[in-house]
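Here is how the chains run, residue by residue.
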Amino acid sequence: MNRTTAIIIGIVALAAIVAIGLWVALGSAPIPTAPTNTNTTQTPSSGEELEPEPAANAPQSTTAKAVIVDKAFSPATLTVKKGTTVTWTNQDDMGHNVVSDDAAPEGGPPKEAGLFGKGETFSFTYNTVGTFPYHCSPHPFMQGTVVVTE
Ligand code: CU
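Residues numbered from 1 in each chain as written. Predicted model: local features only at pLDDT ≥ 70, side-chain atom pairs only at ≥ 80, totals over all residues. Heavy atoms only, no water.

A. Looking closely at unusual backbone geometry. Ser74 connects to Pro75 through a cis peptide bond whose omega is -5 degrees. Here Pro75 shows up in the loop between β2 (73–74) and β3 (77–81). At Asp70, a residue that is not glycine, the phi angle is positive and equals roughly 50 degrees. Inspection of the secondary structure puts Asp70 in the loop between β1 (63–68) and β2. Positive phi outside glycine occurs at Lys71, with the angle close to 55 degrees. If you trace the backbone, Lys71 turns up in the loop between β1 and β2. (Helix = DSSP H or I, 4+ residues; strand = E, 2+ residues; numbered from the N terminus.)

B. Fine view of the nonpolar core. Grouped together as the largest cluster of nonpolar side chains are 19 residues, with contacts concentrated most on Phe73, Val86, Trp88, Val98, Tyr126 and Val146. When residues of this core are traced back to their parent elements, those giving at least two are β1, β3, β4 (84–90), β6 (121–126), β7 (130–136) and β8 (139–149). (Core = buried A, V, L, I, M, F, W, Y, C linked by side-chain atoms within 4.5 Å. Buried < 20%, exposed > 50% of the residue type's maximum accessible area, 1.4 Å probe, protein only.)

C. Geometry of the side chain of His139. Mapped onto the elements, His139 comes out in strand β8. Judged by its relative accessible area of 13%, His139 is buried. If near-sequence neighbours (up to four positions away) are discounted, His139 is found in contact with Met94, Gly95 and His96. (Contact = heavy atoms within 4.5 Å.)

D. Inspection of the sheet that holds β1 at higher detail. Taken in spatial order, the 4 strands make up an open sheet running β2-β1-β4-β6, and their pairing is mixed. The sheet is open, and its two borders are formed by β2 and β6, each paired with just one other strand. Sheet analysis places β4 next to β6, joined by 6 bridges and oriented antiparallel. Bridge pairing in β6 links Thr84 to Tyr126. (Pairing = 2+ DSSP bridges.)

E. Structural context of the environment of Gly117. Relative to the helices and strands, Gly117 resides in the loop between β5 (99–100) and β6. For Gly117 and Gly95, which are 22 residues apart along the polypeptide, the C-alpha to C-alpha distance reads 4.4 Å. Discounting chain neighbours no more than four positions away, the residues touching Gly117 are Asn90 and Gly95.

F. Local environment of the packing of aromatic side chains. Overall, the coordinates contain 6 aromatic pairs when judged by the stated rule. Where Trp88 meets Tyr134, the ring centres are 5.1 Å apart and the plane angle is 75 degrees; that geometry is what we call edge-to-face. In this pair, Trp88 sits in strand β4 while Tyr134 sits in strand β7, placing the two residues 46 residues apart along the sequence. Side by side, Trp88 and Tyr134 carry an identical accessibility label, which is buried. For the pair Phe116 and Phe122, a centre-to-centre distance of 6.1 Å together with 25 degrees between the ring planes defines the contact as stacked. Assigned by exposure class, Phe116 and Phe122 land together as buried. Counting every residue linked through ring pairs, the aromatic cluster contains Phe73, Trp88, Phe116, Phe122 and Tyr134. (Phe/Tyr/Trp six-rings, centres within 6.5 Å; stacked < 30°, edge-to-face > 60°.)

Quick look at the structure:
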């Protein structure tokens, strides 16, 4: 019984020494590490706040695509940001065009234009906020709308 007790005390004492050693080693390390992490976290976060500003400006020079298939504009309605260049690609075997409706506000495509054929494209850059209805002049039933937002 005495030997067993002595062995148990010895094991507990060893475990306590190891635990204290670990506590000192681990306990002392995180203290300088934690402020270092806080500093490095704060520095990039202030830098990241500056990055969204150029990112917010970037979408103003984007592009959008539409197609002409089976005598129809697809998508028929496009919503884009001001400054976006919209490009229509004709996938039909016949010529089409993209012209503003007579009642459309200024800022959209011209009201008269030549036709473009299969595989050809027409592009227009929308720099004015508003709703711009357009159609194809030989096929007035072909109608579409570009909505331009700020
Ligand atoms: Cu057409």
